[in-house]
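# Reading the structure
Below, each chain spelled out in residue letters.
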Amino acid sequence: MSAPTDLGLPGALPARDRMALRRWLLVSIVAVFVAVAVGGITRLTESGLSITEWKPVSGALPPSNDAAWAAEFAKFQQIPQASSTHAGISLGQFKWIYWWEWFHRNVARTVGLVFALPWLLFLVQGRIPRQLRLRLSALPLLTLGQGALGWYMVQSGLVERISVSAYRLTAHLGLALGILAVCVWTYSELRERTPTERDDAQATPRGWRLALLGATTLLGITVLSGGFVAGLRGGRIFNEFPLMGGQVVPPGYAQLSPWWANAFENPAAAQFHHRLLALAVTALVLALTWRARQAPLPATVRRAVYAFGAVITVQLMLGITTLLLAVPIPLGVLHQFTGVLALTAALVATQRAVATVGLSATRSRETAAPRPVRAPTAADVPRPV
């Protein structure tokens with residue numbers, strides 16, 4: 001029989017390499033979570049446009065004296081946001097928002113190093129399995145692209161707008177989620193299967209795999225729709241639930257032309273769609289969680305579905321609370337953080353469901369494989385009575 005292709009099976013790759021790759025991916029996952037949280041704080045505090053230039057290397061150092069601070073403040077005062085959102089801001093207040101954006105950018109630089117340096121080391125040492133070489137090599141490149149996309153987003157708020165483009169903000173969030181998805185899926189894929197899992201020949205039914213994939217996709221769309229709500233400041237209008245302005249469909253829902261622009265440029269429509277998507281994905285996941293109690297699922301998949309259901313429930317409750325309180329910064333950041341956590345739980349559940357198919361096939365081949373015929377020996381010849 002050929003070598004196992006399931007990276008979670010014993011012998012698929014050296015245990016030392018498996019643990020090293022998983023540690024790197026776990027640190028990378030944590031780094032993405034931190035970057036998303038800090039980005040949320042930067043957005044909610046209106047700090048993202050305080051640094052008006054992109055200096056990937058020299059920008060890691062803050063202004064060192066009063067003259068440098070005055071120069072940065074003068075640059076900020078030339079953009080539209082300085083005379084609108086931050087009208088009348090003092091140098092001391094400017095320093096506060098500047099430090100948040102400076103911290104955000106340095107977190108991004110650190111995330112880039114977290115992805116690039118271990119990857120380069122593992123590649124040189126030949127410790128990345130062939131099946132993962134292309135996928136893991138994409139991570140440092142995607143992270144570099146994320147930095148460039150972040151600056152592209154900031155540029156949209158420096159000339160004519162008082163905030164960044166909701167399209168670019170959502171694209172920035174979407175790329176972060178894509179990087180996270182690669183890390184989480186691969187981390188779960190490299191998890192060594194327990195003896196109980198290896199002995200269990202049961203595969204997750206196809207219908208369940210499709211349902212989990214659908215729920216994960218719908219959740220990803222829901223999180224991205226939250227990017228448009230954030231970019232349009234849509235969370236600070238219609239702070240009531242379940243109605244919006246006393247109606248099911250909010251007033252001003254279709255005020256833009258063409259009609260499709262409302263979903264991406266109309267704050268009322270963006271919030272309405274985000275609500276519908278959140279309720280739909282929560283209902284779907286809770287239905288799956290309920291049915292998982294007696295469904296023919298491997299134990300590891302059932303536990304992952306339960307975890308998915310628990311996180312999505314917390315996320316819905318947190319989202320409603322955040323809306324009713326008009327998005328206070330701590331709750332707004334926590335809601336964004338929990339949304340990413342829910343997507344992580346969804347990816348783990350889906351990956352584990354998919355993995356059971358290959359594990360079951362491997363188990364079936366091992367069971368069906370004929371035992372080698374052994375040549376008779378002298379001990380096999382019966383002795384005369």
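Everything that follows concerns the structure shown earlier in this document.
Please read all numbers here as calculations on a predicted model, not as lab measurements. (Residues numbered from 1 in each chain as written. Predicted model: local features only at pLDDT ≥ 70, side-chain atom pairs only at ≥ 80, totals over all residues. Heavy atoms only, no water.)

Bringing the overall build of the protein into the picture now. For the protein, the count of helices and strands is 11 helices and zero strands. Helices and strands appear in the protein in the N-to-C order α-α-α-α-α-α-α-α-α-α-α. With the principal axes as the frame, the protein shows a C-alpha extent of 110 × 55 × 35 Å. Going through the 385 residues of the protein one by one, you find that 45% of them count as buried. For the protein, restricting intrachain contacts to residue pairs at least 6 apart in sequence, the fraction spanning at least 24 positions comes to 78%. As displayed, the protein has an accessible area near 19700 Å², and 67% of this comes from carbon and sulfur atoms. For the protein, the distance from the average position of its 34 positive side-chain charges to the average position of its 17 negative side-chain charges is 6 Å. (Helix = DSSP H or I, 4+ residues; strand = E, 2+ residues; numbered from the N terminus. Buried < 20%, exposed > 50% of the residue type's maximum accessible area, 1.4 Å probe, protein only. Contact = heavy atoms within 4.5 Å. Areas by Shrake-Rupley, 256 points an atom, 1.4 Å probe, with all protein chains shown as cover. Lys, Arg positive; Asp, Glu negative; His and termini not counted. Charge placed at Lys NZ, Arg CZ, Asp CG, Glu CD.)

Right, let's talk about helix α1 (residues 15–44) for a bit. The terminal C-alpha atoms of α1, which comprises 30 residues, lie 44 Å apart, in line with the 44 Å expected from a rise of 1.5 Å per residue. Of the residues one or two after α1, Glu-46 is the one with positive phi, at around 55°. (Expected span 1.5 Å × (residues − 1).)

Once that is clear, we can look at helix α3 (residues 91–125). Here α3 spans 50 Å end to end across 35 residues, near enough to the 51 Å set by a 1.5 Å rise per residue. Just downstream of α3, Gly-126 is the residue with a positive phi angle, here 70°.

Before going further, it helps to spend a moment on the packing of aromatic side chains. Evaluated as defined, the whole model comprises 15 aromatic pairs. Aromatic pair Trp-69 and Phe-94: ring centres 6.5 Å apart, planes at 85°, arrangement edge-to-face. Of this pair, Trp-69 sits in helix α2 (residues 66–76) while Phe-94 sits in helix α3, placing them 25 residues apart in sequence. Grouping residues by exposure puts Trp-69 and Phe-94 together as buried. Ring plane angle 85° and centroid distance 5.7 Å describe the contact between Tyr-167 and Phe-228, whose orientation is recorded as edge-to-face. Of this pair, Tyr-167 sits in helix α5 (residues 166–189) while Phe-228 sits in helix α7 (residues 206–231); the two residues are 61 residues apart in sequence, bridging distant segments of the chain. Stacked on the ring of Trp-290, the Lys or Arg Arg-293 has its end atom at 3.7 Å from the ring centre. (Phe/Tyr/Trp six-rings, centres within 6.5 Å; stacked < 30°, edge-to-face > 60°. Lys NZ or Arg CZ within 6 Å of the ring centre and 35° of its normal.)

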